Amino acid sequence: MSAKIIDGNAVADEIKSRVTADAAELANAGRKPHLTAVQVGENPASKIYTNMQAKACESVGIEYELLNLPAEISQDDLLGKIAELNASTETTGIILQMPLPAHMDARRVQVAISPAKDVEGMHPENMGRLFYGGGTVSPCTPMAAVELLKRTQPDLAGAETVIVGHSEIVGKPIAMILLQSPNASPTVTVCHVATKDLAAHTRRADVLIVAAGVSQARWSAYRRRKKAGEDVKTPDLSALISAEMIKPGAVVIDVAINRIPKGFDDNGDPVKNDKGKNAMQTVGDVDFEAVSQIASAITPVPGGVGPVTVAMLLSNTVACAKAIG
Ligand code: NAD
């Protein structure tokens, strides 16, 4: 079998078209969606992310503002800024860039964002609503994974569905979203690092959703230990999910994003690119080539869940602006 490749970019474009129409309607009614990103201190990774957010918002007609605060700001002052944004009539959505400086309690700051302006859907109140059947917004990546799944397999009633990963931001909310339908939910199993025989679970899955980030974690740990001067063995960066772990005909959604070396030389060092830097690749948790021969449908990495996650952020931003009125 050769699996259908689920095109995340095409789905993201469709969602963005709807968001563009909704944003224009709101703007015509004098209620332009306005997303304020709060960034504390400087961070190259966050800069890439905020640039991407700015571009994405611009492309659909959402106003984007970056509030850059100094790294030394106290937590109380940051909470004061968030309170101002919560009360602002201009800001309809707030996104907090992570990581925050070490002197801050990230959970405490995140919880201070008004649930009505929580475009990431991560506030405990919005998470709690997931439990009861969903509110205005839900977490972006879980929604993206489920959107791609439902477009591929609309009838999930009773389908054996295995989720690998049980984090608060991905695995657990995916399970909650899938269990929302009173009479037509899939049968959900959630696996994680302590699962005893992962393959026994994945092999019986009609639907497999993977969000573990294992090879990235191994590569990061290796680099950390090597930097500390330890004598470490070259890590095994092969995919967590091999073809032998797949039920023929399964639908496979790979949420993971692993940025890892393309390979290692005889000395155990990452192979270099033509600029003399480590040659890197972005891959998921699933052995894409091999699993494509067995699954009925599969998301690629990149180009699967990632672009739909961004589209969901825009969709949530418009949903918050609509609900605020
Ligand atoms: P996390 O580190 O918080 O959680 C990892 C999960 O994987 C945990 O539940 C852990 O128990 C499980 N796990 C680890 N090793 C395992 C193993 N050997 N077998 C089974 N389970 C194992 O990570 P996260 O924040 O949930 O992110 C997961 C992945 O999803 C990462 O690769 C991340 O980059 C990716 N991600 C993608 C998007 C997107 O937009 N596509 C967004 C967020 C996260």
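Our structure's up above, just so we're on the same page.
Remember, predicted model here, so these are calculated numbers, not experimental data.

Caption draft 1: The packing of aromatic side chains, seen in detail. Scanning all chains against the criterion turns up four aromatic pairs. For the pair Trp219 and Tyr222, a centre-to-centre distance of 5.8 Å together with 25° between the ring planes defines the contact as stacked. Of the two residues, Trp219 and Tyr222 both sit in helix α9 (residues 214-227), three residues apart, roughly one turn of that helix. Judged by relative accessible area, Trp219 falls into the buried class, the value being 3%. What makes Tyr222 buried here is its relative accessible area of 7%. These aromatic residues form a ring-pair network of at least three members: Trp219, Tyr222 and Phe264.

Caption draft 2: Representation of the pairing of strand β2 (residues 34-40). Among the seven residues that make up β2, seven are buried, leaving the element largely enclosed by the rest of the structure. A two-sided burial pattern is seen for β2, the buried positions comprising His34, Thr36, Val38 and Val40 on one face and Leu35, Ala37 and Gln39 on the other. Two elements, β2 and strand β3 (residues 63-69), share seven bridges in a ladder whose sense is parallel. By the bridge assignment, Thr36 is partnered in β3 with Glu65. The β-α-β motif built from β2, the intervening helix α2 (residues 44-60) and the parallel element β3 has right-handed crossover chirality.

Caption draft 3: Seen up close, the pattern of salt bridges. If you walk through the whole model with that rule in mind, you get 10 salt bridges. With its nearest N and O atoms 2.9 Å apart, the salt bridge here joins Arg204 to Glu160. On the criterion of sequence distance, the pair formed by Arg204 in the loop between α8 (198-202) and β7 (207-210) and Glu160 in strand β5 (residues 160-164) is long-range, its members being 44 residues apart. By relative accessible area, which is 32% here, Arg204 ends up partly exposed.

Caption draft 4: Highlighting the site of the ligand. Every one of the 21 residues lining the ligand counts as a neighbour, but Thr141, His166, Ser167, Val193 and Ile257 are closest to it. Between the ligand and the protein, one listed contact pairs an oxygen atom with a backbone N or O atom of Val193 at 2.9 Å. The contact in question runs from a nitrogen atom of the ligand to an N or O atom on the backbone of Val255, over 3.3 Å. For the ligand, whose unbound accessible area comes to 860 Å², protein coverage reaches 72%. By residue number, the principal contributor to the shell around the ligand is helix α11 (residues 305-324), which donates three residues. Among the residues making up the shell around the ligand, the classes are represented as 13 nonpolar, eight polar and no charged.

Caption draft 5: Spatial organisation of helix α6 (residues 140-152). For α6, spanning 13 residues, the distance from its first C-alpha to its last is 18 Å, which sits close to the expected 18 Å at 1.5 Å a residue. Burial in α6 covers these residues: Cys140, Pro142, Met143, Ala144, Ala145, Val146, Leu148 and Leu149.

Each value, and the rule that gives it
Residues numbered from 1 in each chain as written. Predicted model: local features only at pLDDT ≥ 70, side-chain atom pairs only at ≥ 80, totals over all residues. Heavy atoms only, no water. Phe/Tyr/Trp six-rings, centres within 6.5 Å; stacked < 30°, edge-to-face > 60°. Helix = DSSP H or I, 4+ residues; strand = E, 2+ residues; numbered from the N terminus. Buried < 20%, exposed > 50% of the residue type's maximum accessible area, 1.4 Å probe, protein only. Pairing = 2+ DSSP bridges. Right-handed = clockwise from strand over helix to strand, strands pointing away. Salt bridge = Lys/Arg side-chain N within 4 Å of Asp/Glu carboxyl O. Near = heavy atom within 4 Å. Polar contact = N/O pair within 3.5 Å; in protein donor to acceptor, adjacent residues only side chain to side chain. Areas by Shrake-Rupley, 256 points an atom, 1.4 Å probe, with all protein chains shown as cover. Nonpolar A, V, L, I, M, F, W, Y, C, P; charged D, E, K, R; others polar. Expected span 1.5 Å × (residues − 1).

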